Amino acid sequence: MRSAAMIDRFTTIMARLRDPDTGCEWDRVQTSKTIARYTIEEAYEVVDAIERGDLADLKDELGDLLLQVVFHARIAEEAGAFALPDVIDAISDKMERRHPHIFGPAKTSPGWETIKATERASKPDQSALAGVATALPSLARADKLQKRAARVGFDWPDSAGSLAKVHEELDEIVTATADTLAEEVGDLLFSVTNYARHLGVDPEVALRAGNAKFEARFRAMEHIAGAGFEALSLEEKEALWQAVKRRGG
């Protein structure tokens, strides 16, 4: 009962904010398209709080993400499409459908991918690549596209083939023209993602860790050098970089 009351309170707040006459000037003019980028930002901020192990911040960020869900649902309700209860019913139905061994008569699960494949079979787009969201970060989307292709047999048999492809794409960058350079770099990144997948490494997680490592080391260099960091020569900065690496930074 308390949960239902809290949901009602939240949806009432959003309805008031969206009131065309007395609502918030900013909230009432938004559309799902205009707030889409905030939805993505809030999802990343949730991940950031998780990775920092900050549970107090996680609570706040989950609230901000929930706001986006309620916001989108309210906009859809005003358009006569669906409302928040429909969203909750739909995800409840999906979770029960995807766990027939928990909520249904099945003794064992037929497998996550088998269940999802059955769901995709009822949709108009029958491509093996259907449903891979274009708004995903590019590395994550490349990984998902490759996994989908692999399920239907379009994949290297082992990591050796994908590594050879990385070397091939590197060679093509060396000979690329100004018109084709960006395309070749894209092919290289796609191939590196494929190699990471064959090694069992999530490329998005790996790059996030790489970014964090670079930032920590760079900040350590700045701390050591102080205000004179920018004036140092490249050789001096490289020496600082190596010093930070040696001490495990």
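Residues numbered from 1 in each chain as written. Predicted model: local features only at pLDDT ≥ 70, side-chain atom pairs only at ≥ 80, totals over all residues. Heavy atoms only, no water.

Looking at this structure, how should I read the overall build of the protein?
Helix and strand counts for the protein stand at eleven helices and zero strands. The helix and strand sequence of the protein, counted from the amino end, reads α-α-α-α-α-α-α-α-α-α-α. Viewed in the frame of its principal axes, the protein has a C-alpha envelope of about 65 × 50 × 40 Å. Long-range pairs, those at least 24 residues apart, make up 45% of the contacts in the protein with a sequence separation of at least 6. (Helix = DSSP H or I, 4+ residues; strand = E, 2+ residues; numbered from the N terminus. Contact = heavy atoms within 4.5 Å.)

Sorry if this is basic, but what is going on with a nonpolar patch on the surface here?
Side chains of I7, I88, I91 and M95 sit close together on the surface and give an oily, nonpolar patch of about 310 Å² of accessible area. With three residues, helix α4 (residues 84-97) is the largest single contributor of residues to the nonpolar patch. Note that M95 resides in helix α4. (Patch = residues over 30% accessible without salt bridge, like charges linked within 9 Å, V, L, I, M, F, W, Y side chains within 5 Å. Areas by Shrake-Rupley, 256 points an atom, 1.4 Å probe, with all protein chains shown as cover. Salt bridge = Lys/Arg side-chain N within 4 Å of Asp/Glu carboxyl O.)

Would you mind showing me how to read the side chain of Q146 here?
As for its placement among the helices and strands, Q146 is situated in helix α7 (residues 138-151). The class for Q146 is buried, based on a relative accessible area of 5%. Polar side-chain contacts of Q146 include one of 2.9 Å to the backbone oxygen of F190. A distance of 3.3 Å separates a polar atom in the side chain of Q146 from the backbone nitrogen of N194. Excluding anything up to four places from it in sequence, Q146 contacts F190, T193, N194 and R197. (Buried < 20%, exposed > 50% of the residue type's maximum accessible area, 1.4 Å probe, protein only. Polar contact = N/O pair within 3.5 Å; in protein donor to acceptor, adjacent residues only side chain to side chain.)

What am I meant to see in the packing of helix α8 (residues 159-174) against helix α9 (residues 181-198) here?
When two helices pack together, their arrangement is given by the angle between the helix axes and the distance between those axes. Two elements in contact, α8 and α9, have axes separated by 9 Å at closest approach and are oriented at 165°. Judged on the interaxial angle alone, α9 and α8 are roughly antiparallel. Handedness of the crossing formed by α8 with α9: left-handed. Taking contact as the criterion, the partners of S159, S162, L163, K165, V166, E169, L170, E172 and I173 in α8 are, on α9, L181, E184, V185, D187, L188, S191, V192, N194, Y195 and H198. Here the contact of α8 with α9 is built from residues that sort into nine nonpolar, five polar and five charged. (Axes fitted to C-alpha atoms, helices over the stretch in contact; angles between N-to-C directions. Parallel < 35°, antiparallel > 145°, perpendicular 65-115°, else oblique. Left-handed = near helix turned anticlockwise from the far one by under 90°. Nonpolar A, V, L, I, M, F, W, Y, C, P; charged D, E, K, R; others polar.)

What is the right way to look at the packing of aromatic side chains in this model?
Counted under the stated rule, the structure contains five aromatic pairs. With a centroid separation of 5.6 Å and 40° between ring planes, the pair formed by F214 and W241 is classed as tilted. Of this pair, F214 sits in helix α10 (residues 203-225) while W241 sits in helix α11 (residues 234-246); the two residues are 27 residues apart in sequence, bridging distant segments of the chain. F214 sits in the partly exposed class, given a relative accessible area of 46%. Its relative accessible area of 18% is what places W241 among the buried residues. Three or more aromatic residues joined by ring pairs make a cluster, and in this case those are F214, F218, F229 and W241. (Phe/Tyr/Trp six-rings, centres within 6.5 Å; stacked < 30°, edge-to-face > 60°.)

I would appreciate a short explanation of the nonpolar core in the present structure.
Nonpolar side chains in soluble globular proteins tend to end up buried together. Within the largest apolar cluster, seven residues are counted, these being M14, I35, V70, F71, A73, I75 and L84. Those residues in contact with V70, other than ones at most four positions away along the chain, are F10, T11, M14 and L84. One finds A220, L240, W241 and V244 within the second-largest nonpolar core, a separate group that totals six residues. (Core = buried A, V, L, I, M, F, W, Y, C linked by side-chain atoms within 4.5 Å.)

What is the right way to read the pattern of salt bridges from this model?
What the rule picks out here adds up to 13 salt bridges. Here R208 ties to E51 by a salt bridge, and the two come within 2.9 Å at their closest N and O atoms. Of this pair, R208 sits in helix α10 while E51 sits in helix α2 (residues 32-52), and the two are 157 residues apart along the sequence. By relative accessible area, which is 28% here, R208 ends up partly exposed. Taking the shortest distance from any N to any O, the salt bridge between E168 and K165 comes out at 3.0 Å.

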